[in-house]
Amino acid sequence: MATEQNQVKTKNNFDLVWDRLEKQQPQCKFGQLGLCCRFCAMGPCTISPVGSGGKRQYGVCGADADTIAARHFVRMTAAGSSAHSGHGRSVAEALIKIAKNQAPGYQIKDEYKLIKLCKIFGIEIANKKIEELALELGEKALAEFGKQEDKLTFLKMAPLKRQIIWEKYKVAPRGVDREISEAIERTVMGTDQEYKHLMKAATKCSLADGWGGSMIATELQDIIFGTPQPLVGKVNLGVLDENYVNIVVHGHEPLLSEMLAIVVDMPEFVNKAKQKGAKGINLGGICCTANEILMRHGIPILGNFLNQEMAITTGAIEIMTVDIQCIMQSLPMVASCFHTKIITTSPKAKLPGATHMEFTEENALEKAKEIVHMAIENFDNRKKEKVSIPKQEVSLVAGFSHETISYILGGRFRASYRPLNDNIINGKIRGVAGVVGCNNPKITAEENHLILVKELIKNDVLVLQTGCSAIATAKAGLMDPVIALDYCGPGLREVCEAVGIPPVIHLGSCVDNSRILMAATAMVKEGGLGDDISELPAAGAAPEWMNEKAITIGQYFVASGVFTVFGVTWPTLGSKNLTKYLFEEIANELGGNWAFESDPVKMAKLMLDHIDEKRKKLGIDKARERVLYDMAMRRELE
Ligand code: BF8
Ligand code: SF4
């Protein structure tokens, strides 16, 4: 393999993700159906798919299709939860260091949110300095990961009815680490082998992500970097500028990218760049870290997951820094055909062929300066003949949070979800959808995101977005209010025009799916739309998912009461029982359930049907019946 890669390099040629996908065909059917197990050395075992007539119904240990598919599903949720929660833990540790004055360059930007969070965590506020509060909150947040018996603090933010459901079905999570560890323990050969019981582990460790690790990441980042406010940004590869030194941040944790955002504007570095013949320094982002710095600084986004290699092929990037999650190992190989340097920065993640420059909160400012300096030096190595930047770029409005939605709708002095609820009740807005997740090379260039979101807004559904899905629709102009309004149904359009929001709202990165949970909770608490998230006319979707993290997010949406549809492929299809449980029976316990639909138009229909069913149950379905005026009626009205 190494030799092959070297040959590729010398030919100045490279494979991209789509080429590699093609070379992987045909992909293993057992794996696709969740019917392959390698959990012990009696295996690997594969189970004959239902209807194939095959005789292999049990693994060597006797595990059946239900157990094998369920164990995989549980491990996916554990992996996803560990990834988001590792991010949340880093932010809690950073807050502690900031409070102790050990993190030069960082500060507490949202004191209001700090105090709000302190109250939630039961911290006495009176007569304490901001640093003391930050330290106490950081320590309490960090302790959430290791709680052995007590339940997670943020669970009590959920609607009361939801909390009772979690208690009743014994899925209210304890410490994040404990739930992840137990999930993996239960999947070890010869341990938990009853698929519904295994699913409880998946639910607990997913809820520990949504209402734990991810929520901690989101809320504490807001304290450190500021709660996002609506702003205008730009997206697509055209945001690169051949006259500038281009630095790209890729990955998930904004701790380093925030620092780079400060350093690239420092006059000493801008002047250095100018001495090299550049007009200045241009910072851009890819994937979720891009969403984070867009939301708070308006720094442009080059693209999402599938754009990471393409970005390098522009030949115009001096440095791409990467930290954790969704980083393709191929980056250094592609970069070796250009002058681009790939820098790994996390103590947790290295890449063969990349330069490792480990970053901590203590050295962040210095490391950011070093990286910017390296980028400026590398500008000399850029080969003009290899530079080719696509022209495409489009503007978007980003920077929404569950709090800013409330301010925008109700006004700063009477911030409230009331106008949203009222417009749902009167039928101008049919419902709300969370459309999130990755993009996947198995799907034609983000087609599913675009078709689904357009279908939803056409039918008056307000769409909340995060992650790579948000970047996909932003690239198509759906987060530019002027462009997007043309795709809206009349009711949604009227509300968006009156309030001044796009019909597709960018809520941030994947850990910010916790903002969707909070927005749904705020809608329930506002009143008039039932007593629980499961009663809302709302649905979720990840039409092009690929990462295990998406499964964890979906499972915590479902376990929070949301009907959730995934596209591309579904990992339990080899087990009829488990699939029936996830697609139907789980709703009897948790109020939400999964569906799988690869056609985005049909996916939209499933979501709309669900929204309409909820409207009917709430008794607000009549409000949507609109009179269609014919010419005679119009004349009469005039
Ligand atoms: O966490 S949407 S491809 S970048 S996993 Fe990854 Fe998927 Fe993008 Fe952000 Ni989320
Ligand atoms: Fe096979 Fe059972 Fe071992 Fe899995 S755990 S590899 S099904 S013997």
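### Re the overall build of the protein chain
Each helix and strand counted, the protein chain has 26 helices and 16 strands in total. Here the C-alpha atoms of the protein chain give a radius of gyration of 25 Å, agreeing with the 26 Å that 2.2 N^0.38 yields for 638 residues. In terms of its C-alpha atoms, the protein chain occupies a principal-axis envelope of roughly 75 × 70 × 65 Å. Burial analysis of the protein chain (638 residues in total) assigns 60% to the buried set.

### Observations concerning the sheet that holds strand β12 (residues 461-465)
One key point about sheets: their strands pair by backbone hydrogen bonds, in either a parallel or an antiparallel sense. A sheet is described by the order of its strands in space; here six strands give the open sequence β13-β12-β11-β14-β15-β16, paired in parallel fashion. For this open sheet the edge positions go to β13 (504-506) and β16 (594-596), each flanked by a neighbour on one side alone. Averaged over all neighbouring strand pairs, the angle between strand axes comes to 25°, with direction disregarded. Two elements, strand β15 (residues 563-566) and β16, share three bridges in a ladder whose sense is parallel. Paired with F566 across the two strands is F596, which belongs to β16. Its contacts with the sheet put helix α19 (residues 467-475) on β11 (431-435), β12 and β13, and the angle it makes with β12 is roughly 120°.

### Details of a nonpolar patch on the surface
Taken together, the side chains of M42, V60, V188 and M189 make up a nonpolar region of the molecular surface, amounting to roughly 340 Å² of accessible area. Tracing the sequence through the fold places M42 in the loop between β1 (36-37) and β2 (45-46).

### Brief notes about the site of ligand 1
Taken together, H252, C287, C288, F305, C326, G437, C438, C468, C510, M546, N547 and K549 make up the full set of residues near ligand 1. The side chain of K549 places a nitrogen or oxygen atom 3.0 Å from an oxygen atom of ligand 1. Inspection of the shell around ligand 1 shows a minimum of three residues originating in each of domain 3 (237-386) and domain 4 (413-618).

### Overview of the nonpolar core
In this structure, Y106, L137, W211 and L220 are the most contacted members of the largest nonpolar core, which totals 170 residues. Looking at which element gives the most residues to this core, the answer is helix α9 (residues 195-225), with 15 residues. Filtering out sequence-adjacent residues up to four positions away, L220 remains in contact with V91, A92, L95, L117, L137 and A141. Counting residues in each nonpolar core, the second largest holds 30 residues, with L237, A316, V322 and V334 among its members.

### Brief notes about the packing of helix α4 (residues 65-99) against α9
Helix packing for two helices is described by the angle between their axes and how far apart those axes are. One can describe the packing of α4 onto α9 by two numbers: an axis separation of 8 Å at closest approach and a directional angle of 20°. Taken together, the axis directions place α4 and α9 in an arrangement best described as roughly parallel. When you trace α4 past α9, the crossing you get is left-handed. Across the contact of α4 with α9, the residue classes break down as 21 nonpolar, 12 polar and three charged.

### Section: the confidence of the model for the protein chain
Mean pLDDT for the protein chain: 93, with 95% of residues reaching 70 or above. For the stretch residues 1-11, pLDDT sits under 50, and the model shows four contacts to residues farther than four places along the chain or on other chains.

### Considering the site of ligand 2
As a matter of local geometry, ligand 2 sits amid C37, F39, C40, M42, G43, C45, G59, V60, C61, I68, R71 and M189. Across the shell around ligand 2, the residue classes break down as nine nonpolar, two polar and one charged.

### Structural notes on the coordination of the nickel atom of ligand 1
Counting protein donors to the nickel atom of ligand 1 gives just one, C510 (SG), placed at 2.2 Å. With four donor atoms in place around the nickel atom of ligand 1 and angles of 91 to 160° between them, the coordination shape is irregular. Looking at the secondary structure, you find C510 in the loop between β13 and α22 (513-526).

### Some words on the packing of aromatic side chains
For any pair of aromatic rings, geometry is given as the distance between the ring centres together with the angle between the planes. For the coordinates displayed, the defined rule picks out 12 aromatic pairs. For the ring pair Y556 and F557, a centre distance of 5.8 Å and an interplane angle of 45° mean the geometry is tilted. By relative accessible area, which is 4% here, F557 ends up buried. Relative to F583, the ring of W570 has its centre 5.5 Å away and its plane inclined at 55°; by these criteria the two rings are tilted. One end of the pair, W570, is in the loop between β15 and α24 (576-590); the other, F583, is in helix α24, and 13 residues separate them in sequence. We classify W570 as buried; its relative accessible area is 0%. Connected via pairs of aromatic rings, a cluster forms that spans F73, W545, F566, W570, F583 and W594. The positively charged end of R75 is found above the aromatic ring belonging to F39, 3.9 Å away from the centroid. Above the ring of F338, the side-chain terminus of K386 is found at 5.3 Å from the ring centroid.

### A word on unusual backbone geometry
For residues that are not glycine, phi is negative in most cases, and the peptide bond is trans in most cases. Here the amide bond leading from Q25 into P26 is cis, since omega sits at -5°, within 30 degrees of zero. Position of P26 relative to the elements: it lies in the loop between α2 (17-23) and α3 (29-33). G43 connects to P44 through a cis peptide bond whose omega is 5°. Assignment of secondary structure puts P44 in the loop between β1 and β2. Unlike most non-glycine residues, N127 shows phi in positive territory, near 60°. Secondary-structure assignment places N127 in the loop between α5 (111-120) and α6 (130-146). Residue classification places N127 among the exposed positions, given a relative accessible area of 80%. Although it is not a glycine, Q325 adopts a positive phi angle of roughly 70°. Mapped onto the secondary structure, Q325 falls in the loop between β7 (319-322) and α14 (331-335). A relative accessible area of 17% places Q325 in the buried class.

About the criteria used
Residues numbered from 1 in each chain as written. Chains lettered and ligands numbered in written order. Predicted model: local features only at pLDDT ≥ 70, side-chain atom pairs only at ≥ 80, totals over all residues. Heavy atoms only, no water. Helix = DSSP H or I, 4+ residues; strand = E, 2+ residues; numbered from the N terminus. Rg over C-alpha atoms; globule rule 2.2 N^0.38 Å. Buried < 20%, exposed > 50% of the residue type's maximum accessible area, 1.4 Å probe, protein only. Pairing = 2+ DSSP bridges. Axes fitted to C-alpha atoms, helices over the stretch in contact; angles between N-to-C directions. Contact = heavy atoms within 4.5 Å. Patch = residues over 30% accessible without salt bridge, like charges linked within 9 Å, V, L, I, M, F, W, Y side chains within 5 Å. Areas by Shrake-Rupley, 256 points an atom, 1.4 Å probe, with all protein chains shown as cover. Salt bridge = Lys/Arg side-chain N within 4 Å of Asp/Glu carboxyl O. Near = heavy atom within 4 Å. Polar contact = N/O pair within 3.5 Å; in protein donor to acceptor, adjacent residues only side chain to side chain. Domains from an automatic or database assignment. Core = buried A, V, L, I, M, F, W, Y, C linked by side-chain atoms within 4.5 Å. Parallel < 35°, antiparallel > 145°, perpendicular 65-115°, else oblique. Left-handed = near helix turned anticlockwise from the far one by under 90°. Nonpolar A, V, L, I, M, F, W, Y, C, P; charged D, E, K, R; others polar. pLDDT = per-residue confidence, 0-100. Donors = N, O, S within 2.8 Å, 3.2 Å for Na, K, Ca; no water. Tetrahedral: all angles 85-135°; square planar, octahedral: opposite > 155°, others 65-115°. Phe/Tyr/Trp six-rings, centres within 6.5 Å; stacked < 30°, edge-to-face > 60°. Lys NZ or Arg CZ within 6 Å of the ring centre and 35° of its normal.

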